Amino acid sequence: MLLDLQVYLHTAPLCHIGGLSSAMAMLMVGGCHVLFPKFEATSAVEAIEQHSVTSLITVPTIMADLITLIRKKETWKGKDNVKKILNGGGSLSAELIKDATKYFPKAKLFSAYGLSSLSHFFLSLLI
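Residues numbered from 1 in each chain as written. Predicted model: local features only at pLDDT ≥ 70, side-chain atom pairs only at ≥ 80, totals over all residues. Heavy atoms only, no water.

A. Representation of the pattern of salt bridges in the model. Applying the stated rule across the entire model yields four salt bridges. For Lys 73, the salt bridge goes to Glu 49, with nearest N and O atoms at 3.3 Å. Note that Lys 73 is positioned in the loop between α3 (60–72) and β4 (84–87) and Glu 49 in helix α2 (residues 41–50), a separation of 24 residues in sequence. (Salt bridge = Lys/Arg side-chain N within 4 Å of Asp/Glu carboxyl O. Helix = DSSP H or I, 4+ residues; strand = E, 2+ residues; numbered from the N terminus.)

B. Local environment of α2. Inspection of α2 places Ala 41, Ala 44, Val 45, Ala 47, Ile 48 and Glu 49 among the buried residues, and these make up the whole buried set. As for α2, its buried residues are in contact with β1 (7–9), β2 (32–34) and α3. With its phi angle positive at about 50°, Ser 52 sits one or two positions after the end of α2. (Buried < 20%, exposed > 50% of the residue type's maximum accessible area, 1.4 Å probe, protein only. Contact = heavy atoms within 4.5 Å.)

C. Quick peek at the packing of α2 against α3. Interaxial distance between α2 and α3 falls to 9 Å at its minimum, and their mutual angle equals 65°. Classified by the angle between their axes, α2 and α3 sit roughly perpendicular to one another. Crossing angle aside, the handedness with which α2 passes α3 is right-handed. Packed against α2, whose contacting residues are Ala 41, Thr 42, Ala 44 and Val 45, the element α3 presents Asp 65, Leu 66, Leu 69 and Ile 70 at the interface. Along the lines of polarity and charge, the residues of the contact of α2 with α3 split into six nonpolar, one polar and one charged. (Axes fitted to C-alpha atoms, helices over the stretch in contact; angles between N-to-C directions. Parallel < 35°, antiparallel > 145°, perpendicular 65-115°, else oblique. Left-handed = near helix turned anticlockwise from the far one by under 90°. Nonpolar A, V, L, I, M, F, W, Y, C, P; charged D, E, K, R; others polar.)

D. Just the nonpolar core, in detail. One finds Leu 9, Met 63 and Phe 104 to be the most contacted residues of the largest nonpolar core, which totals 23 residues. If you list the elements that add at least two residues to this core, you get β1, α2, α3 and α4 (94–103). Looking at this core element by element, the count peaks at five residues for α3. With residues up to four places along the chain from it excluded, the contact list for Phe 104 reads Ile 48, Met 63, Ile 67, Ile 70, Trp 76, Lys 79, Val 82 and Ile 85. Core analysis: the second largest hydrophobic core is formed by six residues, Tyr 8, Ala 12, Met 26 and Leu 86 among them. (Core = buried A, V, L, I, M, F, W, Y, C linked by side-chain atoms within 4.5 Å.)

E. Quick look at the pairing of β4. The alternating pattern of β4 places Lys 84 and Leu 86 and Ile 85 and Asn 87 on opposite faces, both of which are buried. Sheet analysis places strand β3 (residues 55–58) next to β4, joined by four bridges and oriented parallel. If you follow Thr 58 over to β4, its bridge partner there is Asn 87. For the crossover that starts at β3, traverses α3 and ends in the parallel β4, the hand is right-handed. The pairing of β4 with strand β5 (residues 108–111) spans four bridges and is classified as parallel. Counterpart to Asn 87 in the pairing with β5 is Ser 111. As a crossover connection, the stretch from β4 through α4 into β5 is right-handed. (Pairing = 2+ DSSP bridges. Right-handed = clockwise from strand over helix to strand, strands pointing away.)

Written as C-alpha cells, this is what we have:
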C-alpha cells in the first residue's frame, strides 16, 4: 500500500535530462505519470486539478504561464496537492517565487538549473 502516492506532471521533454531523470525517479518510487505530447499551460493546470498532481518541473516561462492561468480561476483545486516543484533553466524572479508560494502553498520550491550532470541524483533525493 502506498501511503504517499506520487503523481508527477511531466512538463519537460523526455529527451532532456530534466525530463528523463524525473521520469526515472518516479519509476523508482512507483509513482504515477501524467504525460502530454507537448506542454500547454491550460492542459497542465487541468491535469494538476484532475489527477491530484503532487510534483512537477518548471522553467521560469512555464511557471509564469501556469500562474497566469491560475490567477484567472475562481477556484483553484490544485493548491493543496502539489508538494514539490523543481525549477530549472534559470532562476525564478522574486515575483514568480511570491506567486508560486501563493498558488502552491504546500509546495517546496527547489532550484536546479545549471546542474545537468547531477540532476538525476538530486531529483531522486527529493522523492
